[in-house]
Amino acid sequence: MRLVAIFNRDGGTFKTTDLDAYCDHARKVFSQAGHQIECRLVSGKDIVQEMERTADDAGLDGLIAGGGDGTISAAAGIAWKHGIALGVVPAGTMNLFARSLKLPLDIWQAVDTLAQGHVQNVDIASANGHPFVHQFSAGLHARMVRYRDRMQYASRLGKIRANIRAAVSVVLNPPAFDVEFTVAGETQHRKVCAISASNNEFGPNPLLVADDITRGRLGFYVADALSPSGVARLAIDIMRGRLKENAAVTAMAVERAELHFPKRRHDVRCVIDGELLPMKRDVELKIHAGELKVIVAKDFANV
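In this text the structure is predicted, and so the values were computed from the model without any measurement.

**Student:** I'd love a proper account of the overall build of the protein chain, names of residues and values included.
**Tutor:** Scanning the protein chain from terminus to terminus reveals eight helices and 15 strands. Compactness check: the protein chain gives a C-alpha radius of gyration of 19 Å against a globular reference of 19 Å for 303 residues, within 12% of the reference. Taking the principal axes of its C-alpha atoms as reference, the protein chain extends roughly 55 × 40 × 35 Å. Burial analysis of the protein chain (303 residues in total) assigns 50% to the buried set. Across the protein chain, contacts joining residues at least 24 apart in sequence account for 71% of those joining residues at least 6 apart. Element-wise, carbon and sulfur atoms account for 49% of the exposed surface of the protein chain, whose accessible area totals about 13800 Å².

Now the structure itself:
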């Protein structure tokens, strides 16, 4: 395969890595496996533009992306649009898509695994055409990310601490809003504190990771409006891997869902693969079964 590896030099783990040595290692292991590879180190603010420019090369077979969940999500959308394979080097805090792909979370082991791996077709999802590989969410998660982004942190540990502080703040001040959602031809109107769609259903992992991303279904979750104590119980159930067992949660697997937010609210936001983004009053969620090519370990198998 002809590959280009683009690494976010500002991404978590890469900040403390000898990147020249890392690129030398990547070139060595991929070359030994019979691939042609070029490595590029790019700042975070420029990485999406560089990946787009690279993917336009008609002779490219695959894009190796290294960075956090935001970088990987952007790379997946680009690879999907161009019909090329995506290789994931997890250098962020959570590395959620890498976990679904069963990849090593050590960046050195990850390139070794990718060099010996093979291309597999997996699912990707979209919200109003915006691709995502992990999750779309509104409500609790969006408020937590908004709180976190107001905080100052300069390291992976600092980001984890900021996430914890933000989560506590959301428990004490949970949102409540009206939503109409249509699935399988049936429309419901609910007052909720959270609504979410995932690229296939979440498994029991407290990080809310899909165990199998080849089933061709969105995981669709609605949590009723809750008091602070109810949100605390929901958080505990998530940490215990029992999201679907919480009495306030409605969970289902669907191919498509349509959301409508009947009340106008100022500056409404959603979270797509960890990034806080503006949200329209109408959102169409879809699964695109088997449309994303990814490089996985040679012994890859979904659970």
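Now that the structure is up, let's keep going.
**Student:** Go over the environment of Asp267 with me, naming the residues and quoting the values.
**Tutor:** Structurally, Asp267 is set in the loop between strand E12 (256-260) and strand E13 (269-272). In the structure, Asp267 is positioned 58 residues away from Val209 in sequence and 28 Å away in space, judged by C-alpha atoms.

**Student:** Just give me the short version of the pairing of strand E7 (residues 135-139), but keep the residues and values in it.
**Tutor:** Along any regular strand the residues' side chains alternate between the sheet's two faces. Across the five residues of E7, five count as buried, placing the element largely inside the fold. As paired elements, E7 and strand E9 (residues 186-199) share five bridges and run antiparallel to each other. Paired with Phe136 across the two strands is Ala197, which belongs to E9. Inspection of the sheet shows E7 paired to E13 by two bridges, in the antiparallel sense.

**Student:** Please set out the nonpolar core residue by residue, giving values where relevant.
**Tutor:** Among the nonpolar cores identified, the biggest contains 51 residues, and Phe7, Phe30, Ile64, Leu86, Val89, Phe97 and Leu292 are the most heavily contacted of them. Aside from chain neighbours lying at most four places away, what touches Phe7 is Phe14, Tyr22, Cys23, Cys39, Arg40, Leu41, Val42, Ile47, Ile64, Gly66 and Val89. One finds Ala125, Val183, Phe220 and Ala257 within the second-largest nonpolar core, a separate group that totals 26 residues.

**Student:** Lay out the packing of aromatic side chains with the relevant residues and their values.
**Tutor:** Under the definition given, this model contains seven aromatic pairs. With a centroid separation of 5.3 Å and an interplanar angle of 65 degrees, the aromatic rings of Phe7 and Tyr22 are classed as edge-to-face. With Phe7 in strand E1 (residues 2-8) and Tyr22 in helix H1 (residues 19-32), this pair connects stretches of sequence that are 15 residues apart. When sorted by exposure, Phe7 lands in the same class as Tyr22, which is buried.

**Student:** An account of the pattern of salt bridges is needed here, citing residue identities and associated values.
**Tutor:** This model, assessed by the stated rule, comprises 16 salt bridges. Of the charged contacts in the structure, one is a salt bridge between Asp237 and Arg240, with a shortest N-O distance of 3.7 Å. A relative accessible area of 15% means that Asp237 is categorised as buried.

**Student:** Tell me about the UniProt feature "domain: DAGKc" (unreviewed entry) in the protein chain, residues and numbers included.
**Tutor:** Within the UniProt annotation, "domain: DAGKc" (unreviewed entry) is assigned to residues 1-131. When the span residues 1-131 is considered, its composition is 39% helix and 29% strand, and the gap between its end C-alpha atoms is 25 Å.

**Student:** Tell me what's going on with the pairing of strand E14 (residues 275-278), and back it up with residues and numbers.
**Tutor:** Sheet topology places E13 next to E14; four bridges connect them, and they run antiparallel. From the neighbouring strand, Val271 faces E14, where its bridge partner is Leu276.

**Student:** Can you break down the state of the cysteines residue by residue, with the values?
**Tutor:** For the structure shown, the criterion picks out zero disulfides. Free cysteine Cys270: the closest other cysteine sulfur is in Cys193, separated by 16 Å.

**Student:** I'd love a proper account of the side chain of His134, names of residues and values included.
**Tutor:** With respect to the secondary-structure elements, His134 resides in the loop between strand E6 (130-132) and E7. Within the structure, His134 has its side chain in polar contact with the backbone oxygen of Leu208 (distance 3.4 Å). If sequence neighbours within four positions are ignored, His134 has contacts with Leu96, Ala197, Ser198, Asn199, Phe202, Leu208, Val209 and Asp273.

**Student:** Before we move on, can you summarise the environment of Gln109 with the specific residues and values?
**Tutor:** Its location among the elements puts Gln109 in helix H5 (residues 107-115). Between the C-alpha atoms of Gln109 and Val171, which are 62 residues apart in sequence, the distance is 37 Å.

Basis of the calculations
Residues numbered from 1 in each chain as written. Predicted model: local features only at pLDDT ≥ 70, side-chain atom pairs only at ≥ 80, totals over all residues. Heavy atoms only, no water. Helix = DSSP H or I, 4+ residues; strand = E, 2+ residues; numbered from the N terminus. Rg over C-alpha atoms; globule rule 2.2 N^0.38 Å. Buried < 20%, exposed > 50% of the residue type's maximum accessible area, 1.4 Å probe, protein only. Contact = heavy atoms within 4.5 Å. Areas by Shrake-Rupley, 256 points an atom, 1.4 Å probe, with all protein chains shown as cover. Pairing = 2+ DSSP bridges. Core = buried A, V, L, I, M, F, W, Y, C linked by side-chain atoms within 4.5 Å. Phe/Tyr/Trp six-rings, centres within 6.5 Å; stacked < 30°, edge-to-face > 60°. Salt bridge = Lys/Arg side-chain N within 4 Å of Asp/Glu carboxyl O. UniProt positions renumbered as here; feature names shortened; annotations may be inferred. Disulfide = S-S within 2.5 Å. Polar contact = N/O pair within 3.5 Å; in protein donor to acceptor, adjacent residues only side chain to side chain.

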